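Summary of structural features
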Amino acid sequence: MKIIDLLNKIANGEAVPKEIKTCDNDIFYYDETDENEIERYKNKNDVSIIDEFYLNDEVEIIEEDKEIEKMNIIYDGETNHYFIRTNENLKCWITTTEKELINKTNEIIDKIKSLEKNQ
């Protein structure tokens, strides 16, 4: 994406990425408190991207980390099966092996979250 495209998104009130990376691997952060829309992307030294690059220069969007969510396994006593619910709230039946893998994955997620809290 080009810098000018980001500025157009800001001007049009569209959602913009919180972090971007330039060709020289400098990271710029979106500062929505800055009154000057053109200077809202700044690096750690508070330098505006406009002061360092041209409007047609390409930047890479840095994806924000998403929260890892555990999967809930539900037991259906009537059918004697386990299932999980998908994002669309549909039942997805799982095998015993899949259940074990999901339980282990959930344990790993818990461990990661506890390590992140202790940092």
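Up top you'll find the structure we're talking about.
To keep things clear, this report deals only with the structure shown in the data block. (Residues numbered from 1 in each chain as written. Predicted model: local features only at pLDDT ≥ 70, side-chain atom pairs only at ≥ 80, totals over all residues. Heavy atoms only, no water.)

Considering the sheet that holds strand 4 (residues 60-62)
Worth spelling out the cut-off: Any two strands with at least two DSSP-identified bridges between them are counted as paired. Per the convention used, a helix needs a DSSP run of H or I reaching at least four residues, while a strand needs a run of E reaching at least two, with both numbered from the N terminus.
Here we have four strands laid out as an open sheet, ordered 3-2-1-4, and antiparallel in their pairing. Two strands close off the open sheet at either side, each with one partner strand: strand 3 (41-42) and strand 4. By the bridge criterion, two bridges tie strand 2 (residues 27-30) to strand 3 in an arrangement that is antiparallel. Along strand 3, the bridge assignment pairs Tyr-30 with Tyr-41.

Topic: the packing of aromatic side chains
Here is the rule: Aromatic rings from Phe, Tyr and Trp, with only the six-membered ring used for Trp, were paired whenever their centres fell within 6.5 Å, and each pair was classed as stacked if the ring planes differed by under 30 degrees, edge-to-face if by over 60, and tilted otherwise. Relative accessibility decides the category of a residue: with a 1.4 Å probe and only protein chains considered, values under 20% of the type maximum give buried, values over 50% give exposed, and everything between is partly exposed. For a lysine, the NZ atom is tested; for an arginine, the CZ atom; a charge sits over a ring if that atom is within 6 Å of the ring centre and within 35 degrees of the ring normal.
The final tally for this structure, using the stated rule, is four aromatic pairs. With centroids separated by 6.0 Å and ring planes inclined at 80°, the aromatic side chains of Phe-28 and Phe-53 adopt a geometry described as edge-to-face. Here Phe-53 lies in the loop between helix 2 (49-52) and strand 4 and Phe-28 lies in strand 2, a separation of 25 residues in the sequence. Across the pair, Phe-53 and Phe-28 agree in class, each one buried. Their ring planes at 55° and their centres at 5.0 Å tell us that Tyr-75 and Tyr-82 sit as a pair that is tilted. The ring centre of Tyr-82 lies 4.7 Å from the NZ or CZ of Lys-99, which sits over that ring.

Describing the environment of Tyr-82
Following the sequence through the fold, Tyr-82 ends up in strand 6 (residues 81-85). Residue classification places Tyr-82 among the partly exposed residues on the basis of a relative accessible area of 28%. It is 5.8 Å that separates the C-alpha atoms of Tyr-82 and Ile-94, two residues lying 12 residues apart in sequence.

Some points on the pattern of salt bridges
This is how it is decided: Here, a salt bridge means any Lys or Arg side-chain nitrogen found within 4 Å of an Asp or Glu carboxyl oxygen.
Scanning all chains against the criterion turns up five salt bridges. A salt bridge links Asp-34 to Lys-42; the shortest N-O distance between them is 2.5 Å. We classify Asp-34 as buried; its relative accessible area is 15%. With a relative accessible area of 14%, Lys-42 lands in the buried category. Across the pair Lys-104 and Glu-107 runs a salt bridge whose closest N-O atoms are separated by 3.5 Å. A residue pair is termed a helical-turn pair when its members lie 3 or 4 positions apart in one helix, as Lys-104 and Glu-107 do in helix 3 (residues 96-117) at three residues. Its relative accessible area of 48% is what places Lys-104 among the partly exposed residues. Through salt bridges with shared partners, a single network forms among Asp-34, Lys-42 and Asp-46.

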